[in-house]
Amino acid sequence: MSWGTELWDQFDNLDKHTQWGIDFLERYAKFVKERLDIEQNYAKQLRSLVKKYCPKRSKDEEPRFTSCLSFYSVLNELNDFAGQREVVAEEMAHKVYGELMRYSQDLKAERKHHLQEGRKAQQYLDHCWKQMDNSKRKFERECKEAEKSQITFDRLDNDINATKSEVEKAKAQFYLRTHMADESKNEYAAQLQNFNAEQWKHFNNAIPHIFKNLQAMDERRTVKLGETYRCFAEAERRVIPIVSKCLEGMVSAAKAVDERKDSAIVVESFKSGFDPPGDFPFEDFSQHLSRTGSDGTISSTPKAEKDRDGAPGPRPDLKQHPMNRTKNKLWLFGKKPKSPSSSPPPPPSSSSSSSTSSRPRSTSNIFPSPRFGSDLVSHYLSEIKTTVPRIPQNLRGLRRGAPSLEDFSHLPPEQRRKRLQARIDELNKELQKEMDQRDALNKMKDVYEKNPQMGDPSSLQPKISETICNMEKLRSEIHKNETWLSEVEGKQSSRGDRRHSADNHHHAPQGRESPEGSYTDDTSQEHHTPHHRPKSPPSGRPNVDPHEFDDEFDDDDPLPVIGHCKALYSFDGQNEGTLVMAEDEVLYIIEEDKGDGWTRARKQSGEEGYVPTSYVDITLEKNSKGAVTYI
């Protein structure tokens, strides 16, 4: 159906309909705009969510657990998914919303043009009708005037009293009016014919053509809406494959979670490399009981009878017994031995602080004679452990903020080996880069020497020298780290050998190190160990090789630092186990004062010892609880 033929008289209604069509198109464009705003906000919120939960640590600190890596993969896929939502919004903005807005403007201009043409045609037809109507009115008026003049002429012509001149005048007037009526008739007939022709053209040519244009415009608008509906759906359909890949990536990340691998990573990350503690040796304290009588039996005093019957008797002083050292080993949550038993010196006076400072203890007080006899094993223990031992750092100490030393000596052996190996690999990569740069500079220098016009060879010499210097520094660093690495590997192999030897020789001291690498000997026993060598080992005990215990205390790592202190006064530290310090010297705190007035400290050179607590100003770390704990 055609609007031109069927709706030839519905100009106003078509005007309203076309305006409604454009309004509907703009309404749909507004809907698309709000939809793409939702998509953009959704993508923005997804990206913010991914950014919020993405790790902000360096790559070396990233966890290697499969659960964490899978979660980060999910975050990456979600970020890609957010990118696809942005693609959807972008396509809707350009291919749907933008196209609709441009087409709406074109429709408005085209509709205005067609309506103006229709109005012009209607105005021209109205003009023709007015001309025809005016000629018709004139013809009617002239006819009436001609009839009046005819009546006047007839009346005078029949009147005998009228003069000839009056009759002639009336006749002439009659003829004039009749002629004018004929002319008006002809003009009216011409105007009527012209109007009819224009009206036919208007309703059969002009108006149908204009209405057909409006119909085509409205149909194009409808088709455009259908196309934008399809583009709206295609924008979603195009990203479905990529969105499906994102979802598949999330599913693959979920399948990649491996609990056994995570458990293995935990072992690899926290394995200290220390050997488990061995068995405690049996210590026979009954050998020191006094025996009387010629038959060698135990004295028959009530106290002796009580001992013979199995009742508990008085025990020897374990604190001064040399064999008690291995008995007082502490394990997983063990604590370091206490500080020197003697009282620390008071702070020096302002007048003569250096001359009047008292010594913390004398050699005779530190090593009193034992209450009971010592065997050969205890003698070797006392010989080996005359100095304050170093306690290897455990894993909990690492988390309490221990300092990161250059040789990683604050780490357990296994972790130290891994860190050193990683550093060596990194240094080798840097060395290879420097070597490549040196070779490139040498080649460029050769080219400059063969072709002086290309450049001055001597200008490259400073850069070559700098590169060679960097290579020497890197080689020195590699050698130093390899030395530390070989030391760690040697210690680990020696620990394995000693553990195997300890399994075969049960009489050897066991359990020097705890599972966390913490020492458990009682320092208070070390300072009470006698210096004299027994003349012969007690009966019933095998002879002990003096070198059997030499490696027992060689592989210790330093205690973790729990704070620092500044020396208020100088301290000479001439006695055993004490540390010399100068005024205003800064030391590391590795063990707090346990109430005896002594604090264990370490110099920056690595030397350790006890200093009077009143001589230093101590600052402990907030989260540090000390490296060891007393039971």
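Everything quoted here is computed from the prediction, not taken from an experiment.

Some remarks on the packing of helix α2 (residues 11-53) against helix α4 (residues 164-255)
Move 1: Orientation of α2 relative to α4, taken along the N-to-C sense of each, is 15°, at an axis distance of 11 Å. On the basis of the axis angle, α2 is roughly parallel to α4. By crossing handedness, the relation of α2 to α4 is classed as left-handed.

With respect to the nonpolar core
Move 1: Formed by 35 residues in total, the largest nonpolar core has its most connected members in Y28, V32, M92, L100 and F211.
Move 2: Elements with a minimum of two residues in this core: α2, α3 (66-158) and α4.
Move 3: When residues in this core are grouped by element, the largest group, 13 residues, is from α3.
Move 4: With residues near it in sequence (within four places) discarded, V32 still touches M92, V96, Y97, L100 and F232.
Move 5: Core analysis: the next-biggest nonpolar cluster, separate from the first, contains 14 residues, I562, L579, L587 and A601 among them.

What about the packing of α2 against α3?
Move 1: The contact between α2 and α3 brings their axes to 8 Å, and the two run at 165°. Taken together, α2 and α3 sit at an angle that is classed as roughly antiparallel. Between α2 and α3 lies a crossing of left-handed hand.

Side note on the pattern of salt bridges
Move 1: One pass over the structure, following the stated rule, counts 29 salt bridges.
Move 2: Among the ionic pairs, R602 bridges to E608, the shortest N-O distance being 3.0 Å.
Move 3: Take R602: its relative accessible area is 7%, and that puts it in the buried class.
Move 4: Shared partners join several salt bridges into a network, and the residues in it are R35, E39, R85 and E236.

A short note on the sheet that holds strand β4 (residues 608-612)
Move 1: Taken in spatial order, the 5 strands make up an open sheet running β4-β3-β2-β1-β5, and their pairing is antiparallel. Whereas interior strands pair on both sides, the edge strands pair on one side only; in this sheet they are β4 and β5 (616-620). The mean inter-strand angle of the sheet, taken between neighbouring strand axes irrespective of direction, is 40°.
Move 2: Note: strand β1 (residues 563-567) against β5, 5 bridges, orientation antiparallel. Across the sheet, G563 pairs through a bridge with L620, a residue of β5.

Remarks on the environment of R177
Move 1: Residue position: R177 is located in helix α4.
Move 2: Given the relative accessible area of 21%, R177 is considered partly exposed.
Move 3: Sequence separation of R177 and Q150 is 27 residues, and the distance between their C-alpha atoms is 8.6 Å.
Move 4: When sequence neighbours within four positions are dropped, the list of residues in contact with R177 reads E142, E145, A146 and S149.

Each value, and the rule that gives it
Residues numbered from 1 in each chain as written. Predicted model: local features only at pLDDT ≥ 70, side-chain atom pairs only at ≥ 80, totals over all residues. Heavy atoms only, no water. Axes fitted to C-alpha atoms, helices over the stretch in contact; angles between N-to-C directions. Helix = DSSP H or I, 4+ residues; strand = E, 2+ residues; numbered from the N terminus. Parallel < 35°, antiparallel > 145°, perpendicular 65-115°, else oblique. Left-handed = near helix turned anticlockwise from the far one by under 90°. Core = buried A, V, L, I, M, F, W, Y, C linked by side-chain atoms within 4.5 Å. Buried < 20%, exposed > 50% of the residue type's maximum accessible area, 1.4 Å probe, protein only. Contact = heavy atoms within 4.5 Å. Salt bridge = Lys/Arg side-chain N within 4 Å of Asp/Glu carboxyl O. Pairing = 2+ DSSP bridges.

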